[in-house]
Amino acid sequence: MHHANHFYGHAAIMARYAGLDETPPILGYLQHGWNLHDGFAVGTAFAPVYPRLVWSEVVARRAWATGLRHLKVVSAPWHYLVLLEPETENAGHEREGTIVYPFHGWEGQQIVGSHDEYARVLRDTEGDVPITMCLYFNDFEDAGIRRTYERHGFRVITHGRRGYMGVGHDPEFLRRQLVELRRHRRVVSNRLGSALLYGASVGAEIGVYGDPMVIGNDHAVLGGMAKQQRLFPELHQAAVPAAVARQAVVTELGWDVVLSPAEVRRTFGWEDAAG
């Protein structure tokens, strides 16, 4: 199993949906996040005999354009988590406030920008509502960044660790995220990303605004903020119309695709594990 298949508990979610008690190795490469390239991390070394399991048809077309082959559209693991976890915990609870997912780096690339200024823009735009700032764990573990948002009266959380090289991944990451998204009325960020699409998929209003910040050693092939704004101008506003957000969910997350448990076992190379 490629180590990225573990990220955010994706492999565990798919194994659970497939009816398995354990998580066998996926015989392929599962897309772990949203981007405007081929759906995978830049520089991923693919073994040619294994399939690339992507979220949607549009991602498959982008991957094909970069030269990748042996592509299979499976929909996002998030989609299967939503199917597995119907909204019962927050049933009857009125959504309140805004949860924010600021653009983040990872272990190998860090973000440069003013968190204090971003907090001011958020408060001015969102008004006097509860604001939850959800930080990537690297930023959450930086006491200075946490205190910046806490000084502005924000609740500061993290969903857990993504993991790296098969170590430290938190299989409950996305379930925590699902609970939080269902509690909030709005989901916003300073750049497009998976969290916004996830929020829209469970009925939250989304928005993109504020300093997009920059990431160190950015990969030119991803196109940066300019490519996002050029391809999705309608998503770059403080309050995105619900119909526009929903179409992005279908197109980018593959919400029109659902494999059966048997199809997942066959596609992921898990038929023997099913007993």
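Above: the structure in question.
Residues numbered from 1 in each chain as written. Predicted model: local features only at pLDDT ≥ 70, side-chain atom pairs only at ≥ 80, totals over all residues. Heavy atoms only, no water.

**Some words on the overall build of the protein**
Working step 1: From N to C terminus, the protein includes 11 helices and 10 strands.
Working step 2: Evaluated residue by residue, the protein yields a buried proportion of 51% over its 275 residues.
Working step 3: The long-range share in the protein, meaning contacts at least 24 apart out of those at least 6 apart in sequence, stands at 64%.
Working step 4: Approximately 12500 Å² of the protein is accessible, and the part contributed by carbon and sulfur atoms is 52%. (Helix = DSSP H or I, 4+ residues; strand = E, 2+ residues; numbered from the N terminus. Buried < 20%, exposed > 50% of the residue type's maximum accessible area, 1.4 Å probe, protein only. Contact = heavy atoms within 4.5 Å. Areas by Shrake-Rupley, 256 points an atom, 1.4 Å probe, with all protein chains shown as cover.)

**Some details on the sheet that holds strand S8 (residues 186-189)**
The strands making up a sheet are joined through hydrogen bonds of the backbone, oriented either antiparallel or parallel.
Working step 1: Here five strands make up an open sheet; going across it, the order is S7-S6-S4-S8-S9 and the pairing parallel. The outermost strands of the open sheet, each flanked by one partner alone, are strand S7 (155-157) and strand S9 (205-208). Each strand of the sheet is rotated relative to its neighbour by a mean of 20 degrees, with strand direction disregarded.
Working step 2: Pairing geometry for strand S6 (residues 131-134) and S7, over three bridges, is parallel. When the sheet's bridge partners are listed, Thr132 is paired in S7 with Arg155. (Pairing = 2+ DSSP bridges. Axes fitted to C-alpha atoms, helices over the stretch in contact; angles between N-to-C directions.)

**What to know about the pattern of salt bridges**
Opposite charge on two side chains lets them pair, provided their charged atoms get close.
Working step 1: Following the criterion strictly, the structure yields 11 salt bridges and no others.
Working step 2: For the salt bridge of Glu85 with Arg16, the shortest nitrogen-to-oxygen distance reads 2.8 Å. With Glu85 in the loop between helix H3 (77-84) and strand S4 (98-100) and Arg16 in helix H1 (residues 10-17), this residue pair connects regions lying 69 residues apart in the sequence.
Working step 3: Its relative accessible area of 15% is what places Glu85 among the buried residues.
Working step 4: Taking relative accessible area as the criterion, Arg16 reaches 42% and is therefore assigned partly exposed.
Working step 5: Bridged by salt links that share partners, the residues Glu126, Arg185, Arg186 and Glu205 form one connected network. (Salt bridge = Lys/Arg side-chain N within 4 Å of Asp/Glu carboxyl O.)

**Some thoughts on the packing of aromatic side chains**
What describes a pair of aromatic rings is the distance from one ring centre to the other and the angle between the planes of the rings.
Working step 1: Taken as a whole and assessed by the stated rule, the structure comprises nine aromatic pairs.
Working step 2: Ring geometry for Trp78 against Tyr198: centres 4.3 Å apart, planes inclined by 5 degrees, an arrangement best described as stacked. Taken together, the residues Trp78 in helix H3 and Tyr198 in helix H8 (residues 194-201) connect sequence positions 120 residues apart.
Working step 3: Residue classification places Tyr198 among the buried positions, given a relative accessible area of 3%.
Working step 4: In this structure, Arg69 is placed above the aromatic ring of Trp64, and the distance from its NZ or CZ to the ring centre is 3.5 Å.
Working step 5: Note that Arg146 overlies the ring of Phe140, its terminal NZ or CZ placed 5.3 Å from the centroid. (Phe/Tyr/Trp six-rings, centres within 6.5 Å; stacked < 30°, edge-to-face > 60°. Lys NZ or Arg CZ within 6 Å of the ring centre and 35° of its normal.)

**Comments concerning a nonpolar patch on the surface**
Working step 1: Side chains of Leu27, Val49 and Tyr50 sit close together on the surface and give an oily, nonpolar patch of about 280 Å² of accessible area.
Working step 2: Structurally, the position occupied by Tyr50 is in the loop between strand S1 (29-30) and strand S2 (52-54). (Patch = residues over 30% accessible without salt bridge, like charges linked within 9 Å, V, L, I, M, F, W, Y side chains within 5 Å.)

**A closer look at the nonpolar core**
Working step 1: Membership of the largest hydrophobic core comes to 55 residues, with the highest contact counts inside it found for Trp78, Leu253, Phe268 and Trp270.
Working step 2: Of all the elements in the fold, those that place two or more residues in this core are H1, H3, helix H7 (173-183), H8, S9 and helix H10 (242-253).
Working step 3: In this view, Leu253 contacts Trp55, Ser56, Ser75, Ala76, Trp78, Leu197, Tyr198, Ser201 and Ala248; residues no more than four positions away in its chain are not counted.
Working step 4: Val100, Met133, Leu135 and Met213 belong to the second-largest nonpolar core, a separate cluster that totals 14 residues. (Core = buried A, V, L, I, M, F, W, Y, C linked by side-chain atoms within 4.5 Å.)

**Examining H7**
Working step 1: Among the 11 residues that make up H7, eight are buried, leaving the element largely enclosed by the rest of the structure.
Working step 2: Taken residue by residue, H7 has Phe173, Leu174, Gln177, Leu178, Val179, Glu180, Leu181 and Arg182 as its buried positions.
Working step 3: Turning to H7, the residues buried within the fold contact H1, H3, S4, S7, S8 and H8.

**Describing the sheet that holds S1**
Working step 1: Spatially, S1-S2-S3 is the arrangement adopted by the three strands of the open sheet, whose pairing is parallel. Edge positions in the sheet fall to S1 and strand S3 (71-73), since each of these pairs with one other strand and no more.
Working step 2: Alignment of S1 against S2, held across two bridges, turns out to be parallel. Counterpart to Leu30 in the pairing with S2 is Leu53.

**Brief notes about unusual backbone geometry**
Working step 1: Positioned with a positive phi, His70 is a non-glycine residue whose angle comes to about 60 degrees.
Working step 2: Take His70: it is sitting in the loop between helix H2 (57-65) and S3.
Working step 3: By relative accessible area, which is 44% here, His70 ends up partly exposed.

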